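Survey of secondary and tertiary structure
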Amino acid sequence: MLNTATKTEASGAEQELTDGFHLVIDALKLNGIHTIYGVPGIPVTDLGRMMQAEGIRVLSFRHEQNAGYAAAIAGFLTKKPGVCLTVSAPGFLNGLTALAHATTNCFPMILVSGSSEREIVDLQQGDYEEMDQLAVAKPLCKAAFRVLHAQDIGIVFARAIRAAVSGRPGGVYLDLPAKLFGQVMNAQAGAKSLVKVIDPAPAQIPAPSAVKRALDVLKSAKRPLIILGKGAAYAQADDAIRAFVEKAGAPFLPMSMAKGLLPDLHPQCAGAARSTVLKDADVVMLIGARLNWLLSHGKGKTWGEAPKKFIQVDIEPREMDSNVEIAAPVVGDIGSCVEALLEAMGNNWTAPPADWLDAVKTKRDDNVAKMAPRLMNNNSPMDYHGALGVLRTIIKERPDAILVNEGANTLDLARGVIDMYQPRKRLDVGTWGVMGVGMGSAIAAAIETHKPVLAVEGDSAFGFSGMEVETICRYGLPICIVIFNNDGIYRGTDVNSAGADPATTVFVKGARYDKMMEAFGGIGVNATSPDELKRAVNAAMDSGKPTLINAVIDPAAGSESGRIGNLNPQSVLKKK
Ligand SMILES: Cc1ncc(C[n+]2csc(CCOP(=O)(O)OP(=O)(O)O)c2C)c(N)n1
Ligand SMILES: [Mg+2]
């Protein structure tokens, strides 16, 4: 229902009124946005209160960056823009990192920030929290808008929603100056000004000739490989993707957040034979995956000597040829493309040569067998493998739980060890490898899916958003945080040979992160062995109570930068 007040006009006739606050709320509700992540303050405190009163769920965070990361992952999980609400200048800037992250990761998100008086900001006269936010946001998102008149609120939300979810999804910035909220207008005219977005992300059907070209290339392969990216997970075309991969019969490799799209234990999964399939494949089909640094740009040592042809399925035409030549570009939304491919394959698709499938299977089984005993150790203090072996079983037994994961060793090893069984259950650091997404992702996952969440966090990674444990306790969310506490970044053993200060990568030894959770009424556990860890996580997942487990990991167990140490620049002088 539209929010109104009445005002008696000079003529004595009564006029129904609405204002900027209520038009914002009505525009959101009309478009099915019922959850907001943010931090209150001038000029959006009352907006948050009114949203709550009007039935919108407003999750109030301790820092805007975490609210922003929550909105970003809500967008990934739901295909609707996640909305983050902040105050002006500093609050806006805190949220902006998440907006840029959403854009880079192709997650639909809208950052809505209050802003100060335009007349003063533009003359740079030193207003309260003065900043030209629109100009700052523009290069970091897909679209940025400012609304000056209440009657434009409806149209701007429509544009923001469309911009966020259509084509390649991404971040949108919406600037709402303080003065806008109090502007009144006739209620009927206000209701008419609202826009319900019809078909916000229209299907983009691939050209039949592109589909045929792709299948011709795939058919010619002796050693085909399919790579599934998080774009494929985002598409929610799970059945079609599975049917396509199974019909194609090729080994598939899931990127980190595409794990579980088909189960990691699927016979075609080549996750445990990654280096072999990248080197030896002759045709590589990318579905919603980009040839960025995470795939070594499609060239160089990782990709071996064998000449390769690439097929790429992506909604963004400019993604094609970004790093190497794409022999068969298929441009369209993933769901439509995969459906078209399936259809055009017919019923007599020939499976890839058996020697290739056997070679991949042998490699995969070897690697899995090599890993198995390491995962069963009960060492205390724990190493990564002992602790992860336990968590791997827990996720196997609870496949609908959501796994949030960040850190360096904690990330890279967990990604390899913990098998996923269902789509969109693994949420992690994404394209940038950013630390700090943990608590925001965990909160949004719990709110949006109502499933239990297991957040596996490096002690450094956790620190970036750790204060949100209070938020988790306040809303009573079913989140179990396991901190892999190795006393630092990568390792807790570094020493500063030149002075009294600790080395830059080490933290307070023997810190008890579990006490942080207890401070807010959650459950804290200190676990020193895999057995203890297992008991504590199972109890947390059963109870659904906010829990933080400080998992004590051998400070010497990790390696520099986890699996990406090769990206560190080296000093020639150091080597002398
Ligand atoms: C925003 C941000 N700042 C800094 C980094 C650099 N960085 C990469 S991993 C990492 C922390 C790794 O330590 P931890 O989370 O404890 O994992 P561990 O390797 O110790 O298991 C840092 C600071 C980053 N990726 N993102
Ligand atoms: Mg650490």
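It should be noted that the structure appears before, not after, this text.
Please read these numbers as outputs of a predicted model, since none were measured by experiment.

**A short note on the sheet that holds strand S20 (residues 547–552)**
If you trace the six strands from one edge of the open sheet to the other, you get S16-S15-S17-S18-S20-S19, paired in parallel fashion. Taken across any chain shown, the strands that pair with only one partner, and hence form the sheet edges, are strand S16 (426–427) and strand S19 (523–527). Bridge count between S19 and S20: five bridges; the pairing is parallel. Looking at S20, one finds that Val525 is bridged to Ile549.

**Topic: the coordination of the magnesium ion (ligand 2)**
Donor atoms from the polypeptide that coordinate the magnesium ion (ligand 2) comprise Asp459 (OD), Asn486 (OD1) and Gly488 (O), at 2.0 to 2.1 Å from the metal. Between consecutive donor residues of the magnesium ion (ligand 2), the sequence gaps follow D-x26-N-x1-G.

**Observations concerning the pattern of salt bridges**
Summed over the entire model, instances satisfying the criterion amount to 25 salt bridges. Here Glu119 makes a salt bridge to Lys179, at a shortest N to O gap of 3.5 Å. In this pair, Glu119 sits in helix H5 (residues 118–122) while Lys179 sits in helix H8 (residues 178–182), placing the two residues 60 residues apart along the sequence. The salt bridge involving Glu470 is made with Arg474; its shortest N-O contact spans 2.8 Å. Placement of both Glu470 and Arg474 in helix H20 (residues 469–474) is noted, with a separation of four residues, approximately one turn of the helix. For Glu470, a relative accessible area of 15% corresponds to the buried category. Through salt bridges that share partners, Arg62, Glu470 and Arg474 make up one connected network.

**Considering the nonpolar core**
Within the largest apolar cluster, 58 residues are counted, with the highest numbers of intra-cluster contacts made by Tyr37, Phe76, Met109, Tyr173, Leu427, Ile479 and Ile481. By residue number, the principal contributor to this core is helix H3 (residues 64–78), which donates nine residues. For Tyr173, the contacting residues outside a window of four places in its chain are Phe92, Leu99, Leu111, Ser113, Gln133, Leu134, Ala137, Cys141, Ala143, Ala144 and Phe145.

**Considering the site of ligand 1**
Within the structure, ligand 1 sits among 17 residues, and Tyr384, Asn409, Thr410, Gly433 and Asp459 are positioned closest to it. Within the side chain of Thr410, an N or O atom sits 2.6 Å from an oxygen atom of ligand 1. Within the backbone of Ala461, a nitrogen or oxygen atom sits 2.9 Å from an oxygen atom of ligand 1. In the complex, the protein chains occlude 76% of the 590 Å² of accessible area that ligand 1 would expose alone.

**Some words on the sheet that holds strand S10 (residues 224–228)**
Read from one edge of the open sheet, five strands run S11-S10-S12-S13-S14, paired in parallel fashion. The sheet terminates laterally at strand S11 (252–254) and strand S14 (328–331), the two strands that pair on one side only. Taking the axes of each pair of neighbouring strands and ignoring which way they run, one obtains an average angle of 15° across the sheet. Here five bridges tie S10 to strand S12 (residues 283–287), and the two strands are oriented parallel to one another. In the strand pairing of S12, Leu228 is matched with Ile287. Where helix H10 (residues 208–219) meets the sheet, it contacts S10, S12, strand S13 (309–314) and S14, and its direction lies at approximately 140° from that of S14. Relative to the sheet, helix H12 (residues 238–248) contacts S10, S11 and S12, its axis offset from that of S10 by approximately 165°.

**A closer look at unusual backbone geometry**
A negative phi angle characterises most non-glycine residues, just as the trans form characterises most peptide bonds. The omega torsion across Ile42 and Pro43 is 5°, close enough to zero to call that bond cis. In this chain, Ser380 is followed by Pro381 through a cis amide linkage whose omega measures 0°. Structurally, Pro381 can be placed in the loop between helix H15 (354–375) and helix H16 (384–397). You will see that Cys106, though not glycine, has its phi angle at about 65°, which is positive. With respect to the helices, strands and loops of the structure, Cys106 is situated in the loop between helix H4 (89–105) and strand S6 (109–115). Even without being a glycine, Ser561 presents a positive backbone phi close to 60°. By the element assignment, Ser561 lies in the loop between S20 and helix H23 (572–575). Ser561 sits in the buried class, given a relative accessible area of 8%.

**Overview of the packing of H12 against helix H14 (residues 334–345)**
Contact geometry for H12 and H14: axes closest at 9 Å, N-to-C directions at 35°. As for the relative orientation of H12 and H14, their crossing is left-handed in sense. Along its contact with H12, which presents Ala240, Ile241, Ala243, Phe244, Lys247 and Ala248, the element H14 presents Ile334, Val338, Glu339, Leu341, Leu342 and Met345. A class-by-class count of the residues in the contact of H12 with H14 yields ten nonpolar, no polar and two charged.

**Digging into the packing of aromatic side chains**
Inspection of the entire model under this criterion finds seven aromatic pairs. Considering the side-chain rings of Trp303 and Phe310, the 5.4 Å spacing of their centres and the 65° angle between planes classify their relative orientation as edge-to-face. The two residues Trp303 and Phe310 agree in class, both being buried. Where Tyr384 meets Phe484, the ring centres are 5.9 Å apart and the plane angle is 40°; that geometry is what we call tilted. One end of the pair, Tyr384, is in helix H16; the other, Phe484, is in strand S18 (residues 479–485), and 100 residues separate them in sequence. Given a relative accessible area of 0%, Phe484 falls into the buried group.

**Observations concerning H12**
Those residues of H12 that sit buried are Asp238, Ala240, Ile241, Phe244, Val245 and Ala248. Seen along its axis, H12 keeps its buried residues to an arc of 165°; they face one direction. Buried residues in H12 make contact with H10, S10, helix H11 (230–234), S11, S12 and H14.

**A closer look at a nonpolar patch on the surface**
Together, Trp293, Ile564 and Leu567 make up a nonpolar patch on the protein surface, roughly 270 Å² of accessible area in all. Considering the arrangement of structural elements, one finds Ile564 in the loop between S20 and H23. A relative accessible area of 34% means that Ile564 is categorised as partly exposed.

Reading guide: rules and limits
Residues numbered from 1 in each chain as written. Chains lettered and ligands numbered in written order. Predicted model: local features only at pLDDT ≥ 70, side-chain atom pairs only at ≥ 80, totals over all residues. Heavy atoms only, no water. Pairing = 2+ DSSP bridges. Helix = DSSP H or I, 4+ residues; strand = E, 2+ residues; numbered from the N terminus. Donors = N, O, S within 2.8 Å, 3.2 Å for Na, K, Ca; no water. Salt bridge = Lys/Arg side-chain N within 4 Å of Asp/Glu carboxyl O. Buried < 20%, exposed > 50% of the residue type's maximum accessible area, 1.4 Å probe, protein only. Core = buried A, V, L, I, M, F, W, Y, C linked by side-chain atoms within 4.5 Å. Contact = heavy atoms within 4.5 Å. Near = heavy atom within 4 Å. Polar contact = N/O pair within 3.5 Å; in protein donor to acceptor, adjacent residues only side chain to side chain. Areas by Shrake-Rupley, 256 points an atom, 1.4 Å probe, with all protein chains shown as cover. Axes fitted to C-alpha atoms, helices over the stretch in contact; angles between N-to-C directions. Left-handed = near helix turned anticlockwise from the far one by under 90°. Nonpolar A, V, L, I, M, F, W, Y, C, P; charged D, E, K, R; others polar. Phe/Tyr/Trp six-rings, centres within 6.5 Å; stacked < 30°, edge-to-face > 60°. Arc of directions from axis to C-beta. Patch = residues over 30% accessible without salt bridge, like charges linked within 9 Å, V, L, I, M, F, W, Y side chains within 5 Å.

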